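# Analysis of the macromolecular model
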Amino acid sequence: MRSRIRHWRTEMVAHLDMPLLVIVLLLMGMGLITVYSATSSSGLSRLDNQMVNMAVAFVIMLAVAQTAPQKLMRFAFPIYLIGLALLIGVAGFGVVVNGSRRWLSLGFIRIQPSEIMKIAMPLMLAWYFHKNESLINLKHFAIATVILLLPIGLILKQPDLGTSLLVGAAGFFVIFFAGLPWKIMLGLTAAGGAALPFVWNMLHDYQRRRILTLIDPTSDPLGAGYHIIQSTIAIGSGGPFGKGWLNGTQTHLDFIPEKHTDFIFAVLSEEWGLLGNGILLALFLCLVGRGLMIAAAAPTLFSRLLAASISLVLFIYAFVNMGMVSGILPVVGVPLPFISYGGTALVTLMIGVGILMSIHTHRMLVKK
Amino acid sequence: MNDFQHSQQEISRFRRRALLAGFGALALFSLLFARFFYLQVVLHEYYSTRAESNRISLVPIVPNRGNITDRNGVVLARNYSAFTLEITPSKTNGLEATINALAEIIDIQPKDRRRFKKQLEESKSFESIPIRVRLTDEEVARFAARRYQFPGVEINARLFRQYPEGALAAHAIGYISRINKDDEAWIAQKSDEDKLAHTTNYKGTEHIGKIGVERFYEFELHGGAGYEQLEVDKVGRAVRVLTQTLSTPGKNLTLTLDSNLQRMAEAAFGERRGSMVALDPNDGSVLALVSNPAFDPNLFVDGIRFDDWEDLNHNPDKPMLNRAINSAYAPGSTFKPLMALAALTQGKRDTHYTIADPGYFNFGGRRFMDDKVGGHGSVDMLKSIIVSCNTYYYNLANDLGIDAIARFMAQLGLGSRTGIDIPGESVGVLPSPEWKARYFTKREQQKWFPGETISVGIGQGYNNYTPLQMAHALANILNYGRVFPPHLVSHITDPGTGEIKRVATEPVRQIPLKTEHVDFIKQAMAGVNKQGTGARAFAGAPYESGGKTGTAQVIGQRNTAHLKNVRLRDNSWFIAFAPVDKPQIVVAVLVENGGFGAASAAPIARQVFDYYLLGKASTSPAPEGIASADEGNTEDEEEGGHDHALTD
């Protein structure tokens, strides 16, 4: 009995990637400190919740890390199908919250199927390319594009710009690493540029406003521009070394909107300054770099594509969030990975990290 | 083999792309870092300021307004502390519910709610706004017992303006009331001239002087606002006080006014409409400034009630009109000593020049009448003033000509503002061909007719002066031409430093007058009070005084038919001074529709002189009212310029 536990424990540790683990724990630590600062004025319940969220996400990560990539591959198609079905369900019977139809009520619990797609999409596409490994041609890229655009169309329709961006990025990176020819990419970019006016026409009013106020936030200082103005003030007033933990005036006097979720970076930035931002950027860069190293060392096409996609989606996550809070990207509702308060996104992220660990720690088994 | 090769190719392409992606991520993160550097290092100072102004709110501390006292220290305007019930809207649990609950324990009228609502719209939600002012002790106690039920409601002691003497000298003191748009514009305009007046200095101030001394010395009385730096959150709730700068209290004004004299003079007017200005000729001090009827300035302090405002505005007696400085009247015969002095000064007459008065003066085919049928006989200058002979002045005016008259009267100060330290002074009308050309728009009306000069000679025609102008002109004569601008404020005291600033008492200009001419006019006016039209009013006075009565037609009011009996009566004037050898007091008294000056206005001057010079109430018979003035027609009253040729 005891030896079995010991064995189980050794197995557990064997499937952890130490660099990834350290980076993620450091990020979550920064997250807890910042969530504390952003929420302590209204009690400690948010902090407690976030610790539970982190514990749950961590356990899920451990479980995923134990699961061999071959097993994950088997789930790829079914999860994608389920995710797609649920998205269609959302379009049909979804619950409207804040003007967006994103949630599906299953009676006892409400789920957000677009969140599933963040993992299901790279899984599905990586599996698809892996299945057709030695004979990938343009037809496969075309089909992959369809696989990508179906759910994205549904998510855009909800509307949820942030999630469609992340799901789109996840899928695109798989296609990119599968060898999409540069010519086609350039051609598509050119076509996309030409299609921009049409896309503009398809955007919802609030999405257009977000883009317009990005260009000039002061044009609507009390409305849509308010968020960006206040978060920029928070960042700028933080200075090189910050105002110190719990000393951010923009934070503690409530000037920062969504300060514990999407705009938490402004809190961190105000209190820890350029120094804190530099450390955060370095940690994210290490995370992405480690992910890409794992991808480069991965033995199968499936695991390579999956690992590379997940790594770059983590990057996109961080970049888009910090970009929007500091006023160089539109406000699209993407949380800051591992830092922002909230369980759902964290679980998805940790599943991603778990997959990276799984890919890395199972590579020898495949070679054998 | 082929498969393997393919696989190798695929892997190396993958690694190339992964490396590319890695560098791409690095590049984009560098971009972010550059952005952070720009915001946090390059623009750090700018954003720090923005963050500070976000969190810091400056709440002004309103200074205490200065007090106003009379020359003897009697308080005419002060502040008193009273309890107010105040609500800070952002701290309550529902504003409407709070007010309704408060109304159950404290008397809150609909007008209180209206005023609260109005102020609420003008202020920020973290400022406390009074819902009730001047709570009784009982109400304070009732609220104190239940204050825990009312978050955001508190009792504060605030300062209120009070005029303890009520309507006394109301037109001179003025009043304060809520600041309106016009006042704001005025403050902004004055900001360029006076540092204290800066608009920011008035941020927390609710009241401002509207008229009188309260207005003229507004920026002295107001003081300098202090500031409290509060840290506020997004919704403006005060989190804590950061710094505090105390306010500098406003300066105290000491008036030249003698409130006892003022009270006595107002009482002498009784119900009659009119005005009196008493000056100290030696320095231009205003000893009393009466405009009757007056109003109670206390009504305005909290925002005047609608009914009160209607009463004041629609009262036919116009209590809000400051008759002393803003209402001009034809001077009638009080103009004659001035005309005589003009003739002497310009060498057109010597004192011995004598005319034979047939009772009329023929000019340009018209006959200008004297009051006394058959005339006064042989009249020299002294007699012309004592008996108020019209014919003498018809003749004199004709010899002087309108230009010379206008030039001399302008030197005396007529037709221009005296410079008294309350706003709203009227310039009156000093008639001249230039004035007529300026005043009338129709060409046929712009021409000056020689006949008009004749009427001007006896203080009729277009002549129109305020009582203040007449008193000022007389004071200038008695001073042998030294001109002191009349002033109500004697000195301004800084309550903090004790520093005293005197209002200038130096003459501002010199009118070229000859001593012997002035002395002659003084003697002639003394003669009026001894044996002329002022003799009855000054009978038995233990001091020597000089005066001149006047009775002036009311021209403008012919059409007010329903008021005919009273309001068309002549205005009654009396200008006087005492003692003759060394004058200490000059008065100009005007009683609207008072009839003959000797009967109506002169007795008021007598009472004032008795009081001022002897320090006691008058020994003369009670001033005769309008009823007795009617009898004047039958008496041998050598008065009035009934020049029907002119007014037809």
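Parameters and conventions
- Residues numbered from 1 in each chain as written.
- Chains lettered and ligands numbered in written order.
- Predicted model: local features only at pLDDT ≥ 70, side-chain atom pairs only at ≥ 80, totals over all residues.
- Helix = DSSP H or I, 4+ residues; strand = E, 2+ residues; numbered from the N terminus.
- Contact = placed C-beta atoms within 7 Å.
- Buried ≥ 20, exposed ≤ 12 C-beta atoms within 10 Å, placed from the backbone.
- pLDDT = per-residue confidence, 0-100.
- Nonpolar A, V, L, I, M, F, W, Y, C, P; charged D, E, K, R; others polar.
- Core = buried A, V, L, I, M, F, W, Y, C linked by C-beta atoms within 7 Å.
- Expected span 1.5 Å × (residues − 1).
- Axes fitted to C-alpha atoms, helices over the stretch in contact; angles between N-to-C directions.
- Parallel < 35°, antiparallel > 145°, perpendicular 65-115°, else oblique.
- Left-handed = near helix turned anticlockwise from the far one by under 90°.
- Pairing = 2+ DSSP bridges.

Turning next to the overall build of chain B. The helix and strand inventory of chain B stands at 26 helices and 23 strands. Across chain B, contacts joining residues at least 24 apart in sequence account for 76% of those joining residues at least 6 apart.

Looking only at helices and strands, chain A has 15 helices and three strands in total. Counting over 368 residues, chain A shows a buried share of 50%. Taking contacts inside chain A between residues at least 6 apart in sequence as the whole, the part at least 24 apart equals 71%.

The next point concerns the confidence of the model for chain B. Residues and elements named next belong to chain B. Looking at chain B as a whole, its pLDDT mean stands at 86, while 90% of the residues score no less than 70. Every residue in residues 556-563 scores below 50 in pLDDT, and together they form four contacts with partners more than four places removed in sequence or on other chains. Contacts from residues 619-648, a stretch scored under 50 in pLDDT, to residues over four places away or in other chains number 69 contacts.

Another point: the interface of chain B and chain A. At the interface, 34 residues of chain B touch 37 residues of chain A. Those elements that provide at least two residues to the side of chain B that touches chain A are α1 (2-42) and α2 (44-55) of chain B. Among the elements that make up the side of chain B that touches chain A, the one with the highest residue count is α1(B) (22 residues). A per-class count over the side of chain B that touches chain A returns 18 nonpolar, six polar and ten charged.

Membership of the largest hydrophobic core comes to 125 residues, with the highest contact counts inside it found for Val213(B), Val277(B), Ala471(B), Leu474(B), Val587(B), Val589(B) and Val608(B). Contact partners of Val589(B), with chain neighbours within four places excluded, come to Met276(B), Trp573(B), Phe574(B), Ala601(B), Ile604(B) and Ala605(B). In this structure, Val35(A), Val90(A), Phe172(A) and Ile228(A) belong to the second largest nonpolar core, which totals 119 residues.

This paragraph deals with helix α7 (residues 161-177) of chain A. Owing to its 3.6 residues per turn, the α-helix aligns residues three or four sequence positions apart on the same side. Residue and element names in this part refer to chain A. An ideal rise of 1.5 Å per residue puts 24 Å on 17 residues; α7 measures up with 24 Å between its terminal C-alpha atoms. Of all the 17 residues making up α7, 17 are buried; the element is thus mostly covered by neighbouring parts of the structure. Gly179 occupies a position one or two residues after α7 and carries a positive phi of about 110°.

Residues Gln158(A) and Pro159(A) are joined by a peptide bond in cis, for which omega reads 0°. Along the chain, Pro159(A) turns up in the loop between α6 (138-157) and α7. Backbone torsion omega between Asn292(B) and Pro293(B) reads 0°, so that peptide bond is classified as cis. In this structure, Pro293(B) sits in the loop between β12 (285-292) and α11 (306-314).

What follows concerns the confidence of the model for chain A. Of all residues in chain A, 95% attain a pLDDT of 70 or more, and the chain-wide mean is 89. Confidence, read as mean pLDDT per element, is least for helix α15 (residues 363-367) of chain A in chain A (61) and greatest for helix α12 (residues 264-297) of chain A (96).

So, on to α6(A). Residue and element names in this part refer to chain A. The end-to-end C-alpha distance of α6 is 28 Å, a good match for the 28 Å that 20 residues give at a rise of 1.5 Å each. Along α6, the residues that are buried comprise Ala144, Leu148, Pro151, Ile152, Leu154, Ile155 and Leu156. Structurally, α6 contributes buried residues whose contacts are with α4 (69-93), α5 (113-131) and α7.

Another aspect to go through is the packing of α12(A) against helix α13 (residues 301-325) of chain A. Residues and elements named next belong to chain A. Interaxial distance between α12 and α13 falls to 9 Å at its minimum, and their mutual angle equals 165°. Between α12 and α13, the crossing angle belongs to the class labelled roughly antiparallel. Both α12 and α13 take part in a crossing whose hand is left-handed. Residues Phe265, Ala266, Phe284, Leu287, Val288, Gly291, Leu292, Ile294 and Ala295 of α12 lie in contact with α13, whose contacting residues are Arg304, Ala307, Ala308, Ile310, Ser311, Leu312, Leu314, Phe315, Ala318, Asn321, Met322 and Val325. The residue makeup of the contact of α12 with α13, split by class, is 17 nonpolar, three polar and one charged.

The subject of this paragraph is the sheet that holds strand β11 (residues 274-280) of chain B. Remark on secondary structure: sheet strands pair via backbone hydrogen bonds, oriented parallel or antiparallel. All names here are of chain B. As summarised here, the arrangement of the five strands in space is β12-β11-β23-β22-β21, forming an open sheet in which the pairing is antiparallel. This sheet does not close on itself; its edge strands, each paired only once, are β12 and β21 (546-552). Across the sheet, the axes of successive neighbouring strands diverge by a mean angle of 5°, strand direction being ignored. In terms of strand pairing, β11 meets β12 through seven bridges, oriented antiparallel. Residue pairing for β12: Asp280 is matched across the bridge by Ser285. Here helix α20 (residues 467-478) sits on the sheet in contact with β11, β22 (571-578) and β23 (585-591), set at roughly 150° to β23.

All names here are of chain A. Overall, antiparallel pairing links the three strands, which are arranged β1-β2-β3 in an open sheet. Here the strands that pair on one side only, and so sit at the sheet edges, are β1 (95-97) and β3 (110-111). Bridging between β1 and strand β2 (residues 100-105) involves three bridges; their strand directions are antiparallel. Bridging from a neighbouring strand, Val97 pairs with Ser100 of β2.

All names here are of chain A. Note that Phe302 resides in helix α13. Residue Phe302 is classed as buried on the basis of its C-beta count, with 25 C-beta atoms lying within 10 Å. On a C-alpha basis, the gap between Phe302 and Gln70 in space is 8.8 Å, while along the polypeptide they are 232 residues apart. Leaving out residues up to four positions away in the same chain, Phe302 has contacts with Pro69, Met73, Ala126, Trp127 and His130.

All names here are of chain A. As a packed pair, α5 and α6 sit with axes 11 Å apart at the nearest point and diverge in direction by 175°. Between α5 and α6, the angle falls in the class roughly antiparallel. Here Ser114, Met117, Met121, Met124, Leu125, Tyr128 and Phe129 of α5 lie close against α6, whose contacting residues are His140, Ala144, Ile147, Leu148, Pro151 and Ile155. Of the residues belonging to the contact of α5 with α6, the class tally is eleven nonpolar, two polar and no charged.

This part covers the pairing of β23(B). All names here are of chain B. Among the seven residues that make up β23, seven are buried, leaving the element largely enclosed by the rest of the structure. Alternating residues of β23 divide into Ile585, Val587, Val589 and Val591 and Val586, Ala588 and Leu590, and every residue in both groups is buried. Sheet topology places β11 next to β23; six bridges connect them, and they run antiparallel. Within β23, the position partnered with Leu279 by the bridge is Val586. Pairing between β22 and β23: seven bridges, direction antiparallel. Following the sheet pairing, Phe577 is matched in β23 by Val586. Hairpin connection from β22 to β23: six residues lie between these consecutive antiparallel strands.

Residue and element names in this part refer to chain B. Sheet topology note: the strand β14 (residues 360-363)/strand β15 (residues 366-369) ladder contains four bridges and is antiparallel. Its bridge partner being in β15, Phe363 is matched across the sheet by Arg366. Between the antiparallel neighbours β14 and β15 lie two residues, among them Gly364 with a positive phi of about 55°.

Our focus in this paragraph is the environment of Ala599(B). All names here are of chain B. Here Ala599 shows up in helix α23 (residues 597-600). Look at Ala599 and you get buried, because 29 C-beta atoms sit within 10 Å. In this structure, the C-alpha to C-alpha distance between Ala599 and Trp573, residues 26 residues apart in sequence, is 9.8 Å.

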